[in-house]
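If you want the building blocks of each chain, they are given just below.
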Amino acid sequence: MAETMHCYRHPKRETRVSCATCGRPICTECMVATDVGIKCPDDARLPREARAGVMKSDQVAKSILAGLGVAVAGIPIVYVLFFLPFTWLISAAAGYGAGVLINRAGGRNGGPMAIVISVLATAIPFLVLLAPGLLASAPNLRPLIAMVLAVIAAGVANRQI
Ligand SMILES: [Zn+2]
Ligand SMILES: [Zn+2]
């Protein structure tokens, strides 16, 4: 039998549960159920880097779905974008927005997988619209730079902080 412990936050409360990370005893009120077991409130709200880049398969699936959505929705957006002033600025903002969207779909984990999905999802609308121009004799640099900025912003949105 495990000996009775006392919650480190409530010394008068007995408990047999301890934090999966630090091992301190915690009472039922203090314990927080996480993906990796029961934790104390301190460890449960660890900074994001502790779990960054670790996506569960359903989060990966959601990220990819969000990426597809961004890719499809991005085509008309990018199409309009080329006619607007400040194309580069708006591209970067749109790319960042797309990256954040995909980051959230993936449980805000970020990491390499989210970056790859975001970068691809952001690049697809540009590539679809620019492909005919790229095959032409003299590709226009302006939309290409817009694409690069959007892609970088999408990746930055998913960096591991
Ligand atoms: Zn702990
Ligand atoms: Zn407690």
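Refer to the structure above for everything that follows.
Residues numbered from 1 in each chain as written. Chains lettered and ligands numbered in written order. Predicted model: local features only at pLDDT ≥ 70, side-chain atom pairs only at ≥ 80, totals over all residues. Heavy atoms only, no water.

1. Here we look at the coordination of the zinc ion (ligand 1)
1) Next: Only Cys19 (SG), Cys22 (SG), Cys40 (SG) and Asp43 (OD) from the protein reach the zinc ion (ligand 1) as donors, at distances of 1.8 to 2.3 Å.
2) Next: One can describe the site at the zinc ion (ligand 1) as tetrahedral: its four donor atoms subtend angles covering 103 to 119° at the metal.
3) Next: Each donor residue of the zinc ion (ligand 1) belongs to the same chain, with the gaps between them written as C-x2-C-x17-C-x2-D. Taken together, the positions of cysteine 22 in the loop between β2 (14-15) and β3 (32-34) and cysteine 40 in the loop between β4 (37-39) and α1 (41-44) put the pair 18 residues apart, joining distant regions of the chain.
4) Next: By relative accessible area, cysteine 22 is classed as partly exposed at 35%. (Donors = N, O, S within 2.8 Å, 3.2 Å for Na, K, Ca; no water. Tetrahedral: all angles 85-135°; square planar, octahedral: opposite > 155°, others 65-115°. Helix = DSSP H or I, 4+ residues; strand = E, 2+ residues; numbered from the N terminus. Buried < 20%, exposed > 50% of the residue type's maximum accessible area, 1.4 Å probe, protein only.)

2. Digging into unusual backbone geometry
1) Next: Despite not being glycine, phenylalanine 86 has its phi angle at roughly 55°, a positive value.
2) Next: Residue phenylalanine 86 is classed as exposed on the basis of its relative accessible area, which comes to 63%.

3. A few points about helix α3 (residues 87-105)
1) Next: For α3, which comprises 19 residues, the first-to-last C-alpha distance of 27 Å matches the rise-based estimate of 27 Å (1.5 Å per residue) to within 8%.
2) Next: All buried positions along α3 are accounted for by Thr87, Ser91, Gly95, Ala98, Gly99, Ile102 and Asn103. Each buried residue of α3 lies within a common arc of 140° when the element is viewed along its axis, so the set occupies one face. Turned more than 90 degrees away from the buried face of α3, the exposed residues are Leu89, Ala93 and Arg104.
3) Next: Two residues or fewer after α3 comes glycine 107, characterised by a positive phi angle close to 75°. (Expected span 1.5 Å × (residues − 1). Arc of directions from axis to C-beta.)

4. Some details on the packing of α3 against helix α5 (residues 141-157)
1) Next: One way to put it is that α3 packs onto α5 with a least axis distance of 7 Å and a crossing angle of 30°. By the criterion of interaxial angle, the relationship of α3 to α5 is roughly parallel. α5 is crossed by α3, and the crossing has right-handed handedness. Taken together, the residues of α5 that come into contact with α3 (itself represented by Thr87, Trp88, Ser91, Ala92, Gly95, Tyr96, Gly99, Val100 and Asn103) are Arg142, Ile145, Ala146, Leu149, Ala150, Ala153, Ala154, Val156 and Ala157.
2) Next: In terms of residue class, the contact of α3 with α5 is built from twelve nonpolar, five polar and one charged. (Axes fitted to C-alpha atoms, helices over the stretch in contact; angles between N-to-C directions. Parallel < 35°, antiparallel > 145°, perpendicular 65-115°, else oblique. Left-handed = near helix turned anticlockwise from the far one by under 90°. Contact = heavy atoms within 4.5 Å. Nonpolar A, V, L, I, M, F, W, Y, C, P; charged D, E, K, R; others polar.)

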